[in-house]
Amino acid sequence: MSVITEVKHNQMDHLSQPLKEIALIIAAPEMLQINIANRLNHDFHYQVHTRTNIDEGLHYLTHMRTNLVIVDIDAIDQESIERLCKVFGHVQIPCLFIGTDPGFLHKLQDEIDNGLISFLPKAILNTMFRETLTLLLKKNCAPQKMYKRFLAVSTIQKPTSFYILAWSLLLEPVLKILYLKVNTAFDWEILARTIFSIEGFANNFEFWGLFPLAGYALLSVSAWSFLFFIGLQVYALYAYFSYEKFTWPYVAESPFISVSFLLAINTALVLYFAVPANRRPYWNQMRRIWRNTARYTTNLKSQFKWGEKQVGTTITNISETGAYFTSAEGLDIGQKMQIKIPINGELKELEAVVRRAQDTAHESYTGYGVEFNYKSRSDKKLLKEFVGTLNQRIQ
């Protein structure tokens, strides 16, 4: 404990602002305590406290304010782990379990299934500590919990009326055709010839595409769909008020009642989106992060190349959309490359783009996160099936 205290005070002298968040390390090996404490101080600016056994750790948790707990599970039994999980669930403190046996960590993950707890093998502690802990803290911070609730309501549990409106917009051309059928009493052959005789891009767009595209944009939750929906409504209002009698797309004295009704509702939706909270899901940057699938710990001996240069590396984690490896080569964000991954005894070559770079414990090595660019569905299916066979999941 004295060594940790000395490390902590030495590093606190260099901080420009006081440490507020408190982290508790429960681990017996002093060198492990120092390693984790250094990383917490340097990367996250935590005030670090340590305990060497589970009883001291539980006593600290029940009497002192704590924001994060990191536990070395190699020295504690299953019953003690269960006791810790109950305490974490009660006080709602995020925890990182580290251990030597990845298989046992995976077994615990399946049994516990608690969003407050993450797992990290000691073999990749130096390379994946910061990233794993960042994901854990981000997932359990108060704003993120509030956002998840908001997103669940606003993008998943939409009211039935929302879907009725969207489908009404998608089927609006059909409604126009049925209205023309009833209003003109033409048989279907004459009606079809009349409809398909529409001339000009603008007339065809207003008849077939204007409202269906608005319905599709309404169902899609992204920045482009938000802007697209607003733009379509502006155009629809212009087309509505500039409509000339007995011309396309209505061939009537005035636009149909159904169109007027849908346009009125869409205008109300535009006003609804004027409230920042209502349009937030459409602008959420997290929905556009390229890595959106589960990642798994690996030890894949691989190669990557760009141009004529080819370098060996080890992929330490992988998902359906990308991979992470370290290299002494200097790569730029956006660098395109070919990466060879051993799958089913063969090296499968995929195109990839560097999306992220970070420092590692080794000064001469940098960690790189790459995104796969699939050239065929078969490649994507092959990697998906391969990732499905892995069991050491990270986050």
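Above this text is the structure in question.
To keep things clear, this report deals only with the structure shown in the data block.

Rules behind the numbers
Residues numbered from 1 in each chain as written. Predicted model: local features only at pLDDT ≥ 70, side-chain atom pairs only at ≥ 80, totals over all residues. Heavy atoms only, no water. Helix = DSSP H or I, 4+ residues; strand = E, 2+ residues; numbered from the N terminus. Contact = heavy atoms within 4.5 Å. Patch = residues over 30% accessible without salt bridge, like charges linked within 9 Å, V, L, I, M, F, W, Y side chains within 5 Å. Areas by Shrake-Rupley, 256 points an atom, 1.4 Å probe, with all protein chains shown as cover. Salt bridge = Lys/Arg side-chain N within 4 Å of Asp/Glu carboxyl O. Buried < 20%, exposed > 50% of the residue type's maximum accessible area, 1.4 Å probe, protein only. Pairing = 2+ DSSP bridges. Right-handed = clockwise from strand over helix to strand, strands pointing away. Core = buried A, V, L, I, M, F, W, Y, C linked by side-chain atoms within 4.5 Å. Phe/Tyr/Trp six-rings, centres within 6.5 Å; stacked < 30°, edge-to-face > 60°. Lys NZ or Arg CZ within 6 Å of the ring centre and 35° of its normal.

**A few points about the environment of K305**
Okay, so step 1: Tracing the chain through its elements places K305 in strand 6 (residues 295–306).
Okay, so step 2: Between the C-alpha atoms of K305 and Q338, which are 33 residues apart in sequence, the distance is 5.4 Å.
Okay, so step 3: The contacts of K305, once residues within four sequence positions are left out, are Q310, M337, Q338 and E349.

**Things to note about a nonpolar patch on the surface**
Okay, so step 1: A cluster of nonpolar residues, Y163, W167, L171, V174, L175, L178 and W188, forms a patch on the protein surface that exposes about 690 Å² of accessible area.
Okay, so step 2: In terms of residues, the nonpolar patch owes the most to one element, helix 9 (residues 172–184), which gives three residues.
Okay, so step 3: With respect to the helices and strands, the residue L171 is situated in the loop between helix 8 (160–170) and helix 9.

**Examining the pairing of strand 1 (residues 22–26)**
Okay, so step 1: Of all five residues that make up strand 1, five are buried, and the element is covered over most of its length.
Okay, so step 2: Of the two faces of strand 1, both are covered, the one formed by I22, L24 and I26 as well as the one formed by A23 and I25.
Okay, so step 3: As defined by bridge partners, strand 1 adjoins strand 2 (residues 47–51) across five bridges and the pair is classed as parallel. Paired with I22 across the bridge in strand 2 is Q47.
Okay, so step 4: You can see the chain leave strand 1, run along helix 2 (residues 30–44) and come back into strand 2, and the turn it takes is right-handed.
Okay, so step 5: With four bridges joining them, strand 1 and strand 3 (residues 68–72) adopt parallel strand pairing. Pairing of I25 across the sheet is with I70, part of strand 3.

**As for the pattern of salt bridges**
Okay, so step 1: This model, assessed by the stated rule, comprises 11 salt bridges.
Okay, so step 2: K122 serves as the salt-bridge partner of D74, at 2.8 Å between the closest nitrogen and oxygen. With D74 in the loop between strand 3 and helix 4 (78–91) and K122 in the loop between strand 5 (117–121) and helix 6 (125–140), this pair connects stretches of sequence that are 48 residues apart.
Okay, so step 3: Measuring nitrogen to oxygen at the nearest pair gives 2.6 Å for the salt bridge that ties E172 to K176. In this pair, E172 and K176 are both assigned in helix 9, four residues apart and thus about one turn of the helix distant. The pair formed by E172 and K176 is uniform in burial state, with each residue classed as buried.
Okay, so step 4: A single salt-bridge network, built from bridges that share partners, covers D72, D74 and K122.

**A closer look at the nonpolar core**
Okay, so step 1: Within the largest apolar cluster, 24 residues are counted, with the highest numbers of intra-cluster contacts made by L61, V69, V71, L84, F88 and F97.
Okay, so step 2: Of all the secondary structure elements, the ones that give two or more residues to this core are strand 1, helix 3 (54–63), strand 3, helix 4, strand 4 (95–99), helix 5 (102–112) and strand 5.
Okay, so step 3: Residue contributions to this core peak at five residues, all from helix 4.
Okay, so step 4: Apart from the residues within four sequence positions on either side, V69 is in contact with L24, I26, L61, F88, I93, P94, C95 and L96.

**Quick word on the packing of aromatic side chains**
Okay, so step 1: Tallying each qualifying case throughout the model produces 13 aromatic pairs.
Okay, so step 2: Judged by centre distance (5.7 Å) and plane angle (10 degrees), the ring pair of F304 and W306 falls under stacked.
Okay, so step 3: Members of the aromatic cluster, each reached through a chain of ring pairs, are F201, F205, Y235 and Y238.
Okay, so step 4: The residue whose ring lies beneath K176 is F207, and the NZ or CZ to ring-centre distance is 4.9 Å.

**Some points on the environment of Y374**
Okay, so step 1: Topologically, Y374 is positioned in the loop between strand 11 (366–373) and helix 15 (377–388).
Okay, so step 2: You can call Y374 partly exposed: its relative accessible area is 22%.
Okay, so step 3: Put simply, Y374 and A352 are 22 residues apart on the chain and 8.3 Å apart in space, counted from C-alpha to C-alpha.
Okay, so step 4: Dropping the residues within four chain positions of it, Y374 is found in contact with E320, L350, D379, K380 and L383.

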